[in-house]
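The lines below spell out each chain.
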Amino acid sequence: MGEIMSILGILDRYKTTSAFFAAYDIGLFDLLYEAETSTETIAQKLTIDEAMCKLLLYKLKESQWIYLKDNLWYLEEEFRKEYAGIDSFKAQMDHEMNIYNHLMSPEMIVKSLKSEYGQRPFDKNGFTIEEQETYNQAMYGKKVQLIALQLFRMLRGRKEINAIEIGRSNGLVVKQLKKLGLRFETDVITSDLIPSSNQFNVVILFNTIHYWDEAHCKRQFAQWEKNLSEDAQIFIIDFFYEDGDEFTSNILIDWITHGGVYWSVYTELNDMMEQSGFKITKNLPLKSMHTKILRYQRDAGKFV
């Protein structure tokens, strides 16, 4: 168990995040990445007040992102090394900053908690087009490439693949599998229920299961009984909360305000799947992404 934070420590913690996002947003880190710079020059180049600029710089210094030497500000070496790869996670940064600004206030969390699922402020308003594009880049960018690579390794031995990708990922996993050279006899993309006229042996659910309550899962499975082959493989790919994992515990707050709220713990999902006639045949953690690839198949004689 980690160290318990004091109440006063919790009250102040958000200010560090706010300072970081502000510095990132105005381009301060980019400026110092290029060259060590004085307070006066930073204020001039960023067109901000010099006295307030100094206050922000001291705060960033205490967080050990920058340091002052001979009246010039530098990026700390470890932070510089990490910031050198900023382009690889810029979409994630932009998305998190948007979430922080619009969906992470205590007021928004309380409003969401007091609303029925589907009636939260976000459910009514959603993302703007620009925000949705940022979300898509953060959620489906390089993650899809890594997920598809793992699925490719699991599926390349199948002689005939009739696949369906269901839900929120809009066919991006199948598209990436094709780029890797996987051949499909059939590939169908749908936002919800399987078309009744097809037969499938591969089902892909990415970033979707948390949006399905048990009743919806049962409706899906009733359709699957008619349209899945006996040896069909079902791949469920998503985050799941794990005890002691701060990253996945933070995602739970995202889900309260603007995400799916069901099956947050893997064991809850697995129990439901087993009761519905599916058995787990692979549980592959992608630790760098805090994501699991779960592969299920029909459990003979127990399905639905």
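Refer to the structure presented above.
Residues numbered from 1 in each chain as written. Predicted model: local features only at pLDDT ≥ 70, side-chain atom pairs only at ≥ 80, totals over all residues. Heavy atoms only, no water.

1. Thoughts on the sheet that holds strand β3 (residues 162-166)
Okay, step 1: Taken in spatial order, the six strands of this open sheet run β4-β3-β5-β6-β8-β7, and their pairing is mixed. For this open sheet the edge positions go to β4 (186-190) and β7 (278-286), each flanked by a neighbour on one side alone. The average undirected angle you get between the axes of adjacent strands in this sheet is 15°.
Okay, step 2: The pairing of β7 with strand β8 (residues 291-298) spans eight bridges and is antiparallel. Its bridge partner being in β8, Leu284 is matched across the sheet by Ile293.
Okay, step 3: Running at roughly 115° to strand β5 (residues 200-206), helix α11 (residues 172-179) makes contact with β3, β4 and β5 of the sheet. (Pairing = 2+ DSSP bridges. Helix = DSSP H or I, 4+ residues; strand = E, 2+ residues; numbered from the N terminus. Axes fitted to C-alpha atoms, helices over the stretch in contact; angles between N-to-C directions. Contact = heavy atoms within 4.5 Å.)

2. Some words on the layout of surface pockets
Okay, step 1: Its volume calculated, the second largest pocket comes out at about 430 Å³.
Okay, step 2: In terms of lining residues, the second largest pocket is bounded by 16 residues, among which Ser88, Gln92, Ala138, Lys142 and Lys143 are the most central.
Okay, step 3: Contributing elements (two or more residues each) for the lining of the second largest pocket: α6 (90-102), α9 (129-140) and α10 (142-155).
Okay, step 4: Here the residues of the lining of the second largest pocket sort into six nonpolar, six polar and four charged. (1 Å grid on protein atoms, 1.4 Å probe; cavity = no way out; pocket = protein on both sides within 12 Å on 5 of 7 lines; lining within 4 Å. Points joined across faces, edges and corners; volume = space filled by probe spheres on them. Nonpolar A, V, L, I, M, F, W, Y, C, P; charged D, E, K, R; others polar.)

3. Focus on the packing of aromatic side chains
Okay, step 1: For the coordinates displayed, the defined rule picks out 23 aromatic pairs.
Okay, step 2: Residues Phe29 and Trp65 carry aromatic rings whose centres are separated by 6.5 Å and whose planes lie at 80° to one another, so their mutual orientation is edge-to-face. Of the two residues, Phe29 is situated in helix α2 (residues 28-34) and Trp65 in the loop between α4 (50-62) and β1 (66-69); the sequence distance between them amounts to 36 residues. An identical accessibility class is assigned to Phe29 and Trp65; each is buried.
Okay, step 3: Among the aromatic residues, those joined into a ring-pair cluster are Phe20, Phe21, Phe29, Tyr33, Trp65, Phe79, Tyr83 and Tyr100.
Okay, step 4: Residue placement shows Arg80 over the ring face of Tyr33; its charged tip is 4.8 Å from the ring centre.
Okay, step 5: Positioned above the aromatic ring of Tyr266 is the side chain of Lys292, whose terminal nitrogen or guanidinium carbon lies 5.5 Å from the ring centre. (Phe/Tyr/Trp six-rings, centres within 6.5 Å; stacked < 30°, edge-to-face > 60°. Buried < 20%, exposed > 50% of the residue type's maximum accessible area, 1.4 Å probe, protein only. Lys NZ or Arg CZ within 6 Å of the ring centre and 35° of its normal.)

4. Here's the deal with the environment of Asp94
Okay, step 1: Relative to the helices and strands, Asp94 is located in helix α6.
Okay, step 2: We classify Asp94 as partly exposed; its relative accessible area is 23%.
Okay, step 3: As a C-alpha pair, Asp94 and Tyr24 span 70 residues in sequence and 9.6 Å in three-dimensional space.
Okay, step 4: The contact partners of Asp94, leaving out residues within four places of it in the chain, are Tyr24 and Thr134.
Okay, step 5: Polar contacts involving the side chain of Asp94 include one to the side chain of Tyr24, which spans 3.0 Å. (Polar contact = N/O pair within 3.5 Å; in protein donor to acceptor, adjacent residues only side chain to side chain.)

5. Looking at helix α1 (residues 7-26)
Okay, step 1: In this model, α1 (20 residues) spans 31 Å end to end at C-alpha, consistent with the 28 Å of a helix rising 1.5 Å per residue.
Okay, step 2: Within α1 the residues assigned to the buried category are Ala19, Phe20, Phe21, Ala23 and Tyr24.
Okay, step 3: Turning to α1, the residues buried within the fold contact α2, α4, α5 (77-83) and α6. (Expected span 1.5 Å × (residues − 1).)

6. Notes on the packing of α1 against α6
Okay, step 1: Here α1 crosses α6 at 125°, and the two axes come no closer than 11 Å. Comparing their axes, α6 and α1 come out oblique. As α1 runs across α6, the sense of the crossing is left-handed. For the pair formed by α1 and α6, the contact residues are Tyr14, Thr17, Ser18, Phe20, Phe21, Tyr24 and Asp25 on the first element and Lys90, Met93, Asp94, Glu96, Met97 and Tyr100 on the second. (Parallel < 35°, antiparallel > 145°, perpendicular 65-115°, else oblique. Left-handed = near helix turned anticlockwise from the far one by under 90°.)

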